[in-house]
Amino acid sequence: HYIYDIINDDWRGSGDIKVSQLAQINSRYDNPIPRSSWNNLLDEWFERQLQRNETTRVIIKESDILFLKVIYANTMSVKEDKGTIEYEIEHLVPFARLRDSINEEAKITHSAPKGFPISAVSNLCLLKKLVNQDKKDKTIYEYYEEQVKKEKIDPTEAHKKLREIERLSITKSHDLDFVKSNPISRDEYTAFLRKRFVELKDMFFKAINVE
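Residues numbered from 1 in each chain as written. Predicted model: local features only at pLDDT ≥ 70, side-chain atom pairs only at ≥ 80, totals over all residues. Heavy atoms only, no water.

Engineer: What exactly am I supposed to notice about the pattern of salt bridges here?
Structural biologist: Opposite charge on two side chains lets them pair, provided their charged atoms get close. Tallied over the entire structure, the rule returns 19 salt bridges. The closest approach of N and O atoms between Glu157 and Lys161, which form a salt bridge, is 3.7 Å. Taken together, the residues span about one helical turn, with Glu157 and Lys161 both in helix H9 (residues 155-169) at a distance of 4 residues. The partly exposed category is assigned to Glu157, whose relative accessible area is 30%. Salt bridges sharing common partners tie together Asp5, Asp10 and Arg28. (Salt bridge = Lys/Arg side-chain N within 4 Å of Asp/Glu carboxyl O. Helix = DSSP H or I, 4+ residues; strand = E, 2+ residues; numbered from the N terminus. Buried < 20%, exposed > 50% of the residue type's maximum accessible area, 1.4 Å probe, protein only.)

Spelled out as structure tokens, the structure:
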């Protein structure tokens, strides 16, 4: 219910009257939330995210962070969570590449820049801070491909590190092939967001034990 209310923005501007109503016997908090209600809520929430028209970096919304935390609480070990390695929330399709695509598209169409849903929850993942800072505007796959070419790491080790990352990125290399295009295709980017959200939603349901 806590997660549901935050995603549904139920408590914005609410006060003592709502608390009093919900504290009564047979309030909605006395009953589990059915999967159908979760599906409707999450799908509507995600569709609103796809309408975002972002051209600059934005602060990741608290509801998005909460949704990811629920998934990662069921994915990461306590050792990873409490260890010395720092993690950051990062864009799988790098912000700089989306920004450049927005500008390039505007040049081609001779129109005002039209943003992307850059910070949609299905474009976000946890990534080790050092890797995130080092890869800059590359995808995780482009980054390790470059590391191999520069002989900073051998292919076997690169493959191993990518498998570790994919446990948290919830991607495969072919998922991000479209990022190599310039400008990035809006349709392909949206298809990527939709596909990954289906996977995230399934992991979310497993994490909160929704049958």
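Let us keep going from here.
Engineer: Teacher, can you tell me more about the nonpolar core here?
Structural biologist: Across soluble globular proteins, nonpolar side chains show a tendency to be buried alongside one another. Among the nonpolar cores identified, the biggest contains 54 residues, and Trp38, Leu42, Phe67, Val93, Tyr189 and Phe204 are the most heavily contacted of them. Mapped onto this core, the elements with two or more residues apiece are helix H1 (2-7), helix H3 (35-50), helix H4 (62-73), helix H6 (95-109), strand E2 (124-128), helix H8 (140-149), H9 and helix H10 (186-207). For this core, the element with the highest residue contribution is H10, accounting for 7 residues. (Core = buried A, V, L, I, M, F, W, Y, C linked by side-chain atoms within 4.5 Å.)

Engineer: Please clarify how the pairing of E2 should be interpreted in this entry.
Structural biologist: For a regular strand, the rule is simple: side chains alternate between the two faces of the sheet. Most of E2 is tucked away: 4 of the 5 residues are buried. Summarising the sheet, strand E1 (residues 87-91) and E2 pair through 5 bridges and their orientation is antiparallel. By the bridge assignment, Glu90 is partnered in E2 with Cys125. (Pairing = 2+ DSSP bridges.)

Engineer: Hey, could you run me through unusual backbone geometry in this one?
Structural biologist: Glycine aside, residues mostly have negative phi angles, and peptide bonds mostly take the trans form. With an omega of 5°, the peptide bond between Asn182 and Pro183 qualifies as cis. Examined against the element boundaries, Pro183 turns out to sit in the loop between H9 and H10. Residue Ile170 is not a glycine yet carries a positive backbone phi of 55°. Here Ile170 lies in the loop between H9 and H10. A relative accessible area of 11% means that Ile170 is categorised as buried. Although it is not a glycine, Asn209 sits at a positive phi angle of roughly 60°. Along the polypeptide, Asn209 turns up in the segment after H10.

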